[in-house]
Amino acid sequence: MRLLPAQTDESSLIAFGEEARSLLVRHDYAGLASRFGYALACDRPLAAALEADFMSAVASPITVASGAYLPPAIIVKYFSPNTTGLFAVVECPVPVANKAAVLLELIVAGKGEEKHITVEDISGLAT
């Protein structure tokens, strides 16, 4: 999804993270795919790829006891200026069970004022 220049601030990106997380929690894979795309679809239909990768992550979620990285809330991390076009990552924990979650990551990339936000990955412990 293409972003307006005013939509690259932290509060706007957190709002996009909340929207993407909400779509995933509702299992609206088609809506998530339509709105954000999926960088790791690997020639699979977008909605089917999102669903398959979410189910794989849910099968081995990140737990508090695992010691694996999981942000406590949606956070935005900005990249240092670079030549690859990577601008920011939005990390969204998605609760799937008591004290267990998967990590939904959105990437913001582009050159100059033209930026896009895309689902980058959905991961659990083994994915």
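All values reported here derive from a predicted model rather than from experimental measurement. (Residues numbered from 1 in each chain as written. Predicted model: local features only at pLDDT ≥ 70, side-chain atom pairs only at ≥ 80, totals over all residues. Heavy atoms only, no water.)

Sorry, what's going on with the nonpolar core here?
Nonpolar side chains in soluble globular proteins tend to end up buried together. Formed by 29 residues in total, the largest nonpolar core has its most connected members in Leu13 and Ile117. Sorting the residues of this core by element identifies helix H1 (10-25), helix H2 (29-36), helix H3 (46-59), strand E4 (86-97), strand E5 (100-111) and strand E6 (114-123) as the ones contributing at least two each. Considering each element in turn, this core owes the most residues, five residues, to H1. Those residues in contact with Leu13 that lie beyond four places of it in its chain are Leu3, Gln7, Thr8, Val76, Tyr78, Ala88, Val90, Val108 and Ile117. (Core = buried A, V, L, I, M, F, W, Y, C linked by side-chain atoms within 4.5 Å. Buried < 20%, exposed > 50% of the residue type's maximum accessible area, 1.4 Å probe, protein only. Helix = DSSP H or I, 4+ residues; strand = E, 2+ residues; numbered from the N terminus. Contact = heavy atoms within 4.5 Å.)

For this particular structure, what's the right way to read the pairing of E5?
Most of E5 sits out of view: nine of its 12 residues are buried. Direction of pairing for strand E2 (residues 62-63) relative to E5: antiparallel, over a ladder of two bridges. Counted as the bridge partner of Ile62 is Ala101 from E5. The sheet contact formed by E4 and E5 spans 10 bridges and is antiparallel. Looking across to E5, one finds that Ala88 is bridged to Val108. Hairpin connection, E4 to E5: the antiparallel pair is bridged by two residues, and Lys99 has positive phi, about 60°. (Pairing = 2+ DSSP bridges.)

Hey, could you run me through the packing of H2 against H3 in this one?
The packing of two helices is summarised by the inter-axis angle and the distance between the axes. At a minimum axis separation of 8 Å, H2 and H3 run at an interaxial angle of 115°. In this structure, the crossing between H2 and H3 has a hand that is right-handed. Each of Tyr29, Ala30, Leu32 and Ala33 in H2 lies in contact with H3, whose residues at this interface are Leu46, Ala47, Leu50, Glu51, Phe54 and Met55. Residues of the contact of H2 with H3, tallied by class, amount to nine nonpolar, no polar and one charged. (Axes fitted to C-alpha atoms, helices over the stretch in contact; angles between N-to-C directions. Left-handed = near helix turned anticlockwise from the far one by under 90°. Nonpolar A, V, L, I, M, F, W, Y, C, P; charged D, E, K, R; others polar.)

Quick question: what am I supposed to make of the packing of aromatic side chains here?
Summed over the entire model, instances satisfying the criterion amount to three aromatic pairs. Here Phe16 and Phe36 contribute two aromatic rings whose centre-to-centre distance is 6.4 Å and whose plane-to-plane angle is 85°, an arrangement assigned as edge-to-face. Here Phe36 lies in helix H2 and Phe16 lies in helix H1, a separation of 20 residues in the sequence. For the pair shown, Phe16 and Phe36 are each scored as buried. The ring of Phe36 has Arg35 lying over it, and the distance from NZ or CZ to the ring centre is 5.9 Å. (Phe/Tyr/Trp six-rings, centres within 6.5 Å; stacked < 30°, edge-to-face > 60°. Lys NZ or Arg CZ within 6 Å of the ring centre and 35° of its normal.)

Just to check I follow, could you spell out H1 for this structure?
Since the α-helix packs 3.6 residues into each turn, any two residues three or four apart lie on the same face. If you check H1, its first and last C-alpha atoms are 22 Å apart, about what 16 residues at 1.5 Å a residue would give, namely 22 Å. Backbone geometry just after H1 places His27 at a positive phi near 60°. (Expected span 1.5 Å × (residues − 1).)

Looking at this structure, I do not really get the pattern of salt bridges. What am I missing?
If charged atoms from side chains of opposite charge come close, those side chains can pair. In this structure the tally under the stated criterion is four salt bridges. With its nearest N and O atoms 3.6 Å apart, the salt bridge here joins Glu114 to Arg2. Of the two residues, Glu114 is situated in strand E6 and Arg2 in strand E1 (residues 2-3); the sequence distance between them amounts to 112 residues. Asp53 is the salt-bridge partner of Arg44, the closest N and O atoms lying 2.9 Å from each other. Note on Arg44: relative accessible area 32%, which makes it partly exposed. Exposure remark for Asp53: the relative accessible area of 17% places this residue in the buried category. (Salt bridge = Lys/Arg side-chain N within 4 Å of Asp/Glu carboxyl O.)

Don't take any of this as a statement about function, it's just geometry.
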